[in-house]
Amino acid sequence: QTNLTVSSVDDVSNTFTFNYYPIPVTSHLIISSSNYNQTAVVKIYDANAKLIVAQTFENKSQVDLSQVASGNYFVTIENNENQLLSKRTISILK
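Note that the structure is predicted; figures quoted are calculated from it, not measured.

Trainee: Please give an account of the sheet that holds strand β3 (residues 40-45) that cites residues and values.
Mentor: What the four strands build is an open sheet, ordered β4-β3-β6-β7; its pairing is antiparallel. The open sheet has two free edges, formed respectively by β4 (51-57) and β7 (84-92), since each of these has just one partner strand. The mean angle between the axes of side-by-side strands here comes to 20°, regardless of whether they run parallel or antiparallel. Looking at chain direction, strand β6 (residues 71-78) and β7 are connected through eight bridges and run antiparallel. Of the residues in β7, the one forming a bridge with Y73 is I90.

Trainee: Let's hear about the pairing of strand β5 (residues 60-64): which residues, and what values?
Mentor: Going residue by residue along β5, you find S61 and V63 tucked away on one face and K60, Q62 and D64 left uncovered on the opposite face. Inspection of the sheet shows strand β2 (residues 28-32) paired to β5 by five bridges, in the antiparallel sense. Residue pairing for β5: I30 is matched across the bridge by Q62.

Trainee: Can you explain the pairing of β4? Please cite residues and give values.
Mentor: Bridge count between β3 and β4: six bridges; the pairing is antiparallel. When the sheet's bridge partners are listed, A40 is paired in β4 with F57. Where β3 hands over to β4, the hairpin turn is made up of five residues, of which A49 adopts a positive phi near 65°.

Trainee: Explain the sheet that holds β2 to me, using residue names and the numbers behind them.
Mentor: As summarised here, the arrangement of the three strands in space is β1-β2-β5, forming an open sheet in which the pairing is antiparallel. Every interior strand has two partners, whereas the edge strands, β1 (19-21) and β5, have only one. Each strand axis lies, on average, 20° off the axis of its neighbour in the sheet, ignoring direction. Two elements, β1 and β2, share three bridges in a ladder whose sense is antiparallel. Note on β2: the bridge partner recorded for Y21 is I30.

Cut-offs applied
- Residues numbered from 1 in each chain as written.
- Predicted model: local features only at pLDDT ≥ 70, side-chain atom pairs only at ≥ 80, totals over all residues.
- Heavy atoms only, no water.
- Pairing = 2+ DSSP bridges.
- Helix = DSSP H or I, 4+ residues; strand = E, 2+ residues; numbered from the N terminus.
- Axes fitted to C-alpha atoms, helices over the stretch in contact; angles between N-to-C directions.
- Buried < 20%, exposed > 50% of the residue type's maximum accessible area, 1.4 Å probe, protein only.

By themselves, these are just geometric observations and shouldn't be taken as functional.
Shown next as structure tokens:
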């Protein structure tokens, strides 16, 4: 038996705003922030918590998800100290 705990976005408390679009994603996810101006890492996980994509984020980034299967995924953004800045669930539709 496996126990999985999923936290809600409300658990993330900071003053940074990240915008994710388009939702649902068809090929590329764009992430932008008007008030976070440092380097961070965007990570995308599948429903089994397997890391699918990891890439650098700087103010506005485009993540290529064209080769990723349809489904629901978890997106996190972490700073250089591995502190969670944002998390969100996205849907990919092909």
